[in-house]
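Coordinate analysis (summary)
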Amino acid sequence: MIPANLNVSREGAAPARPRVAVVSHSHPSLSKGGAEISAYALFRGLRQIGVDAIYIGACASSTRQRLAFADENEFAVFHDAERYDHFYHLAPRSVTDQLVEILEREGVGLVNFHHFYHLGLGALRAVKAMPGMRTYLTIHEFLAICQNHGQMITRQARILCESASNEACATCFPEHLRSQFAMRRDTMLDSFGDFDGFVSPSRFLADRFTDWGLDAARMSVIENGLLAPAEPIRGPKRDKSWTFGFFGQINPFKGVDVLLDAAELIGADKALASTMRLRIHGNLIGQGPEFTERFEKSLKAHPFLTYAGAYDNRSVHRLMSECDYVVIPSKWWENSPVVIQEAFGAGAPVICTGIGGMAEKVPDGVAGLHFRLGDAADLLRALRLAADPNNAAVLRAGLPPVISAAEMARRYCEAFGWREERVLPPLEAAE
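Presented here is a report on the structure given in the accompanying data block. None of the values given here were measured: they were computed from a predicted structure. (Residues numbered from 1 in each chain as written. Predicted model: local features only at pLDDT ≥ 70, side-chain atom pairs only at ≥ 80, totals over all residues. Heavy atoms only, no water.)

This brings us to the overall build of the chain. Tallying secondary structure elements over the chain gives 16 helices and 13 strands in all. Here the chain has a C-alpha radius of gyration of 23 Å; the compact-globule value for 431 residues is 22 Å, and the two agree. Viewed in the frame of its principal axes, the chain has a C-alpha envelope of about 75 × 55 × 40 Å. For the chain, long-range pairs separated by at least 24 residues make up 70% of all intrachain contacts whose partners lie at least 6 apart in sequence. Taken as a whole, the chain presents about 19000 Å² of accessible surface, with 53% of it coming from carbon and sulfur. Each charge class in the chain can be summarised by its mean position, and for the 45 positive and 50 negative side chains these summaries are 3 Å apart. (Helix = DSSP H or I, 4+ residues; strand = E, 2+ residues; numbered from the N terminus. Rg over C-alpha atoms; globule rule 2.2 N^0.38 Å. Contact = heavy atoms within 4.5 Å. Areas by Shrake-Rupley, 256 points an atom, 1.4 Å probe, with all protein chains shown as cover. Lys, Arg positive; Asp, Glu negative; His and termini not counted. Charge placed at Lys NZ, Arg CZ, Asp CG, Glu CD.)

Given below as structure tokens:
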């Protein structure tokens, strides 16, 4: 008898690779964060190259009516946000039971987790304990290391944290004992310890986690792929103005305030203001009144600054193609923001804070320009450099190729230890 978690090859001769479940903390129809977008792209990429894969998102029960699946290979487990422990990351047993039930029913033999949030660490342990199950964890940010929303920014002073320690974490969160942070770290490492492998989209993030305690020998670095990469549709430049676009969540960590500071500097120079356009794309919901008031005041004061509102990921290629550059002024380390790959795919060099995964993915002077963390004057320096036709030509010529979801999936298959020749014809075509 063939085990339930193995599929028979189409020739019927021998077991093929097991069915794969890509598991994330949400579904793209509900949330557009980089982790869930990357996880969903991997799921689709695996199916494109012939790997039998399903996608499972952990979704709040309150979002059930808005959840939209593309086909029968997508599933969800539901959680109650009020019953989740955000310090030790524990969820009710019912979440684990739902996940295990789907994996057993669907005959899954390999699970690639893209987060533990909403699922809880207990779900990871339960899946690892399933007979014959192989497990991999893809890391997208620092939540396992940092209690401050996984940002590695100090809670009070809001400065970059170079490394976590029980003492430093207790300083940020005096309501918790140092011993609790020690227990939190031990609990995390124990939950991750038996995974067959780990994946990080950047070397920077991988090194941070191996320094923290993960096994470097089991760590692979695999770039995020785009679900539907397209050729740049950039036409010839028809005027002397330069458009710089921001794309992403508008929150305290993404550095939109630095962009507003730069707008003040640009506004003080009428000649410069006549040649620059700053365009902000993103969701403004949930911001405090102080930021919102400042944002609206800046929009009224500076005609070159516009707020384009929220955007759908299906339109991001077109919107970025309308920009000469994409600006990423983040004030946290980032790791491998999907927006960088999207910008490169649209033919737009990136101007970014020169730290962390951003600095790794955007070589300064090659595919974009760096500026100092939180320094609006240095951002303006980079914008001035960018607004030079010769520099723009050099930076566009230096843009690296982006990888597709299918290519990302092939690299994951290598990390899973599967030989390329075992990849079957695309499942979607066969079905």
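Our next topic: helix H7 (residues 256-267). Taking 1.5 Å as the rise per residue, H7 with 12 residues should run 16 Å; its terminal C-alpha atoms sit 16 Å apart, in good agreement. Among the residues of H7, Val256, Val258, Leu259, Leu260, Ala262, Ala263 and Ile266 are the ones counted as buried. (Expected span 1.5 Å × (residues − 1). Buried < 20%, exposed > 50% of the residue type's maximum accessible area, 1.4 Å probe, protein only.)

A few words on the pairing of strand E13 (residues 368-371). Burial along E13 is two-sided: Gly368 and His370 and Leu369 and Phe371, pointing in opposite directions, are all buried. As a crossover connection, the stretch from strand E12 (residues 350-353) through helix H12 (residues 356-361) into E13 is right-handed. (Right-handed = clockwise from strand over helix to strand, strands pointing away.)

Turning to the environment of serine 38, a few remarks are in order. Inspection of the secondary structure puts serine 38 in helix H1 (residues 34-48). The class of serine 38 is buried, set by a relative accessible area of 3%. Each C-alpha atom, one on serine 38 and one on arginine 277, is 30 Å from the other, the two residues being 239 residues apart in sequence. Excluding its chain neighbours within four sequence positions, the residues that come into contact with serine 38 are His140, Asn224, Val338 and Met408.

Bringing the sheet that holds strand E3 (residues 74-79) into the picture now. Taken together, seven strands build an open sheet; the order of strands is E3-E2-E1-E4-E5-E6-E7 and the sheet is parallel. Where the open sheet ends on each side, the last strands, each with one partner, are E3 and strand E7 (219-221). Strand after strand, the sheet turns through a mean of 25 degrees between neighbouring axes, direction not considered. Two strands pair when backbone bridges link them, and strand E4 (residues 108-113) and strand E5 (residues 134-138) are joined in this way by four bridges, in the parallel orientation. The residue of E5 that forms the bridge with leucine 110 is arginine 134. (Pairing = 2+ DSSP bridges. Axes fitted to C-alpha atoms, helices over the stretch in contact; angles between N-to-C directions.)

A word on the nonpolar core. Soluble, globular proteins show a tendency: their nonpolar side chains are buried together. Counting 70 residues, the largest nonpolar core has Ile56, Leu99, Leu103, Phe113, Phe142, Phe192 and Phe209 as its most contacted members. When sequence neighbours within four positions are dropped, the list of residues in contact with phenylalanine 113 reads Val23, Leu99, Leu119, Ala123, Leu124, Val127, Tyr136, Leu137, Thr138 and Phe195. (Core = buried A, V, L, I, M, F, W, Y, C linked by side-chain atoms within 4.5 Å.)

Structurally, the position occupied by histidine 86 is in the loop between E3 and helix H2 (93-105). Note on histidine 86: relative accessible area 39%, which makes it partly exposed. For the pair histidine 86 and phenylalanine 304, spaced 218 residues apart in the sequence, the C-alpha separation amounts to 42 Å. When sequence neighbours within four positions are dropped, the list of residues in contact with histidine 86 reads Ala81, Tyr117 and Gln147.

The subject of this paragraph is the sheet that holds E13. Taken in spatial order, the six strands make up an open sheet running E10-E9-E8-E11-E12-E13, and their pairing is parallel. Each edge of the sheet is formed by a strand with only one pairing partner; in this case those strands are strand E10 (305-309) and E13. Within the sheet, the average angular offset between the axes of one strand and its neighbour, ignoring direction, is 25 degrees. Here three bridges tie strand E11 (residues 325-328) to E12, and the two strands are oriented parallel to one another. Looking across to E12, one finds that valine 326 is bridged to valine 350.

Let's shift gears to the layout of surface pockets. It is a probe the size of a water molecule, rolled over the atoms, that shows where empty space is left. Each pocket or cavity is described by its volume, and for the second largest pocket that value is around 620 Å³. Lining the second largest pocket are 24 residues; nearest its centre among them are Ile37, Leu227, Ala228, Asn313 and Arg314. Residues of the lining of the second largest pocket, tallied by class, amount to 14 nonpolar, six polar and four charged. (1 Å grid on protein atoms, 1.4 Å probe; cavity = no way out; pocket = protein on both sides within 12 Å on 5 of 7 lines; lining within 4 Å. Points joined across faces, edges and corners; volume = space filled by probe spheres on them. Nonpolar A, V, L, I, M, F, W, Y, C, P; charged D, E, K, R; others polar.)

The values are spatial; any link to function lies outside them.
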